Amino acid sequence: MTLYHFGNCVTLLYVPHYLTYKYANLSEYGAFWKCIQGGIIYTFTQLCKMLILATFFPANEASITTLSLTNFLKSSVDLADIAGIYVILQSIPGKGHAKVMTAGIGWAGAEILLTRFLLLWVGARGTEFDWKYTQKCLESNINLMHHILTAALVWLWSRHDLSKLQSKFSPFAAVSILLLLSVYRSVIIDSLAAWLLIDPWSIIAIKGVYTIFLGLIMLKYYTRLSTLIGMY
């Protein structure tokens, strides 16, 4: 039974990433090794973040879900993810679609490999069934959308022709705000969950709605810019 549960969790975790890679037609661009390169950059970025956190934010007894200046500054270390994704995007030749999908999938793939596989191997194969492993897999699928969203925002932010879009509100400012909301997603939702005492399933639902909301706004700017520069 536990092996069956482990198999279900692995399927739920990895199949969506594989299908996203397959149906994004990234194989036509030879993006497999670029995804691996993105995973290596992800690993290096996380090591740098861990070093910064260990140096400037030593462990304390404060809850990470408590909204405070310290936890906000800790979450600010995630700004390094933007730099890492930017490096991936700059190293990938081709159209914006291929760049964004390769960076997002490579980043998300490295994340699940480094943070989820061992957790499932040790926990989901245990003698007792626990929903938390299914929840972790669902959360990873939401994170896949989140990382693709973030990669698209970084790509938009790096475009010098973004300012050519006709809008009442500055497109560059809008993309910058969306990037900040993306980076601080965890601290915003975790603080809200701790304040309202929300259960884990509701937290996953909120993360999904939050990601979809940001994604829809991002898609508006992405499609308009793609039409402007003639990228289809």
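The name given to the protein chain in an unreviewed UniProt entry is BOS complex subunit TMEM147, and the organism recorded there is Aphis craccivora. According to the UniProt record, the Sequence similarities (unreviewed entry) comment for the protein chain is "Belongs to the TMEM147 family."

What follows concerns the confidence of the model for the protein chain. Per-residue pLDDT for the protein chain has a mean of 86; in total, 91% of the residues score no lower than 70. Between residues 61–65, whose pLDDT stays under 50, and residues either more than four places distant or in other chains, the model counts five contacts.

All told, the structure shown has five salt bridges when counted by the stated rule. Put simply, K49 and D81 hold a salt bridge, and the shortest N to O gap is 3.2 Å. Taken together, the residues K49 in helix α2 (residues 32–56) and D81 in helix α4 (residues 79–91) connect sequence positions 32 residues apart. By relative accessible area, K49 is classed as buried at 8%. Relative accessible area serves as the criterion here: at 17%, D81 is assigned to the buried category. The salt bridge partner of R159 is D161, with a shortest N-O separation of 2.8 Å. Classification of D161 by relative accessible area gives buried; the value is 6%. Within the structure, one salt-bridge network assembled from shared partners comprises K49, D78 and D81.

As a further point, take unusual backbone geometry. Of all residues except glycine, most have a negative phi; of all peptide bonds, most are trans. Positive phi, normally seen in glycine, also occurs at N25, with a value near 60°. If you trace the backbone, N25 turns up in the loop between α1 (2–23) and α2. The exposure class assigned to N25 is partly exposed, which follows from its relative accessible area of 39%. The phi angle at L197 is positive, at roughly 55°, despite the residue not being glycine. The residue L197 is located in the loop between α9 (185–196) and α10 (200–229) in this model. Taking the relative accessible area as the measure of exposure, L197 reaches 74% and is therefore exposed.

Reading the values: the criteria
Residues numbered from 1 in each chain as written. Predicted model: local features only at pLDDT ≥ 70, side-chain atom pairs only at ≥ 80, totals over all residues. Heavy atoms only, no water. UniProt positions renumbered as here; feature names shortened; annotations may be inferred. pLDDT = per-residue confidence, 0-100. Contact = heavy atoms within 4.5 Å. Salt bridge = Lys/Arg side-chain N within 4 Å of Asp/Glu carboxyl O. Helix = DSSP H or I, 4+ residues; strand = E, 2+ residues; numbered from the N terminus. Buried < 20%, exposed > 50% of the residue type's maximum accessible area, 1.4 Å probe, protein only.

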